[in-house]
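Examining the three-dimensional arrangement
So you can see what is in the structure, the chains are spelled out below.
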Amino acid sequence: MSEPLRLGIAGLGTVGVGVVRIIRQQAALLEARTGRKITISAVSARSKDKDRGVPLSDYGWEDDPVALAKRDDVDVFVELMGGDDGPAKDATEAAIAAGKDVVTANKAMLAIHGQALAEAAEAAGRVIRYEAAVAGGIPVMKALTEGLAGNDISRVMGVMNGTCNYILTQMQATRQGYNALFAEADKLGYLEADPNLDVGGIDAGHKLALLASVAFGTQVNFDGVELEGIQKITLEDIDAADDMGYRIKLLGVAQMTGRGLEQRMSPCLVPSTSPLGQLEGGTNMVVIEGDAVGQIVLRGAGAGEGPTASAVMSDVIDIARGLRLPTFGQPATTLTTARAALAAVPAPYYLRMQLVDKPGALAKVAAVLGDAGVSIDRMRQYGHQDTAAPVLIVTHKTTRTALDEALAGMDKSVVQGEPVAIRIEEVD
Ligand code: NAP
Ligand code: HSE
């Protein structure tokens, strides 16, 4: 039997407690599968006295996660605090410098500092693993770096934020407002410490940037992700989309185009009957397309204690078994830099606007769209409410640039407020 693998766990919130629970409850199974014991030497969090629902008295305690990362009795530093900078990054750097492997669930840190951290780790002969950082319990990083490593990947897309999918699907199912559902997502342990990361699409954008790096062999480039959150989506949009056979999802798409790497995370309409359209609650779905394999669809819990801890443990188990892979699937120094291509691929769009009840109002809208080269596929006008009526337009395929030009040129005397534009994604 080999030496035990000794962990130092920084962060004892939703995910950290889940990891402690699995290590305590599944000790025999973990030992049988890895051939060695997996133990916890010490832990760290902000408050030592908080009751976390798991016994912690068997483990050492460090107030400072950097001190934990450097301890001699720690082989693997497990970073579960969160935050792109600050203690998470300081402690991760300290762990690498002290010769420890790192397991983290922190997509924010890796999406921003992943290249530098990966280069430091690989120079020191250490690994950084982060299965839990992308799509919670779904083993998508493993699928990309191992199971699909023989494929030229053409596209990665999916729904990668449980909070947003929960809010959007529950708005439709329960007719409740955004605020009530946001509070429920919090109770379920889905939310980031800063919830704007969730509803602003940033958290899902971090995940997409990590997937794109591994899929396309490029340096992780979060700044190249076109981002839009779900805050502007109303029940009216959800109903209108439903009426036309669509569901609204916060959808991420990364693909290499002739003009560079397109990465976007934004609300999109997808057919209600498609697997993405039918995705409910906090569930995530990632679709990967490769030249040899075709399409692979992975679906599962994207957040919460058990699923996320399950993913953290898969990384710990790999390290215990001696499986050592570069952070982004190939040595960090060989990753290329790709030019960011903004919404390069044309698509149909859903438009919702409030049109005043005046002769010629609709003609003016159609003319502005036409002048920008945007052609109308379908249109529906609902009954007038006071002085204006909601008008829905589905365009033929167009670029976001042409659409934005048209929206900027709308005559304010006929269009009330800001029109809403949502891309319609053609997915199987
Ligand atoms: P959380 O519940 O907010 O827990 C964060 C933990 O970090 C807390 O125990 C906190 O201590 C500790 N902490 C914060 N700052 C610290 C500091 N300066 N020193 C020591 N400890 C500190 O967060 P979480 O939901 O478990 O998420 C942890 C990480 O997993 C994040 O990177 C998140 O993005 C990622 N993640 C979460 C999920 C999920 O479903 N929740 C899914 C995938 C990935 P106190 O408890 O004492 O305040
Ligand atoms: N806040 C994230 C979500 C947690 O809602 O999906 C999982 O990364």
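Residues numbered from 1 in each chain as written. Chains lettered and ligands numbered in written order. Predicted model: local features only at pLDDT ≥ 70, side-chain atom pairs only at ≥ 80, totals over all residues. Heavy atoms only, no water.

A word on the side chain of Asn284
Rules: Runs of H or I in DSSP of at least four residues are treated as helices and runs of E of at least two as strands, each being numbered from the N terminus. Accessibility here uses a 1.4 Å probe with only protein chains present; expressed as a share of the type maximum, an area under 20% marks a residue as buried, one over 50% as exposed, and anything in between as partly exposed. Two N or O atoms form a polar contact when they lie within 3.5 Å of each other; inside protein one atom must be a possible hydrogen donor and the other a possible acceptor, and for residues adjacent in sequence the pair counts only when both atoms belong to side chains. What makes two residues a contact is simply this: any of their non-hydrogen atoms within 4.5 Å.
Take Asn284: it is sitting in strand E11 (residues 283-290). With relative accessibility at 0%, the residue Asn284 sits in the buried group. Of the polar contacts made by the side chain of Asn284, one reaches the backbone oxygen of Gly282; its length is 3.5 Å. Once residues lying within four places of it in the same chain are set aside, the contact partners of Asn284 are Ala135, Ile138, Val159, Met160, Asn161, Gly162, Leu279, Leu298, Arg299, Gly300 and Gly302.

Quick look at the pairing of strand E12 (residues 294-301)
Filter applied, for reference: When DSSP locates at least two bridges between a pair of strands, those strands are taken to pair.
Note that E11 and E12 share 8 bridges and pair antiparallel. Each residue of the ladder has a partner; that of Met285, found in E12, is Arg299. Turn length for the E11-E12 hairpin, with the two strands adjacent in sequence and antiparallel, is 3 residues.

As for the domain arrangement of the protein chain
As a reminder, the rule being used: Source of the domain bounds: an automatic or database domain assignment. Here the quantity called buried area is the total loss of accessible area, with a 1.4 Å probe, experienced by two parts when brought into contact, counted for both.
Domain assignment breaks the protein chain into domain 1 (5-104), domain 2 (142-302) and domain 3 (349-424). Computed over C-alpha atoms only, the centres of domain 2 and domain 3 are separated by 26 Å. Residue-level contacts link 14 residues of domain 2 with 15 residues of domain 3. Of the roughly 1,300 Å² buried where domain 2 meets domain 3, counting both sides, 53% is carbon and sulfur surface. Taken as a group, Glu236, Met244 and Leu269 account for 39% of the area that domain 2 buries against domain 3, more than any other trio of residues on that side.

Overview of the side chain of Thr218
Looking at the secondary structure, you find Thr218 in the loop between helix H10 (202-216) and strand E8 (225-227). Assessed through its relative accessible area of 2%, Thr218 is described here as buried. Once you skip the residues sitting within four places of it in the chain, Thr218 turns out to touch Ala212, Ser213, Met256, Leu261, Leu335, Thr336 and Ala338.

Details of the environment of Gly224
The residue Gly224 is located in the loop between H10 and E8 in this model. For the pair Gly224 and Val19, spaced 205 residues apart in sequence, the C-alpha to C-alpha distance is 33 Å. Among all residues touching Gly224, those that are not within four sequence positions of it are Gln263 and Ala340.

Focus: the site of ligand 1
Condition: Near, as used in this document, describes a residue that has one of its heavy atoms within 4 Å of the molecule or strand being considered. Surface accessibility follows the Shrake-Rupley procedure with a 1.4 Å probe radius. Residue values consider only the protein chains on display as shielding. Each residue gets one label: Ala, Val, Leu, Ile, Met, Phe, Trp, Tyr, Cys and Pro are nonpolar, Asp, Glu, Lys and Arg are charged, and the others, such as Gly, are polar.
Leu12, Ser47, Arg52, Glu192 and Gly304 are the nearest of the 25 residues found near ligand 1. A distance of 2.8 Å is found between an oxygen atom of ligand 1 and a backbone nitrogen or oxygen belonging to Ser47. The contact in question runs from an oxygen atom of ligand 1 to an N or O atom on the backbone of Gly304, over 2.7 Å. In the complex, 85% of the free accessible area of ligand 1, which totals 900 Å², lies under the protein chains. Along the lines of polarity and charge, the residues of the shell around ligand 1 split into 10 nonpolar, 10 polar and 5 charged.

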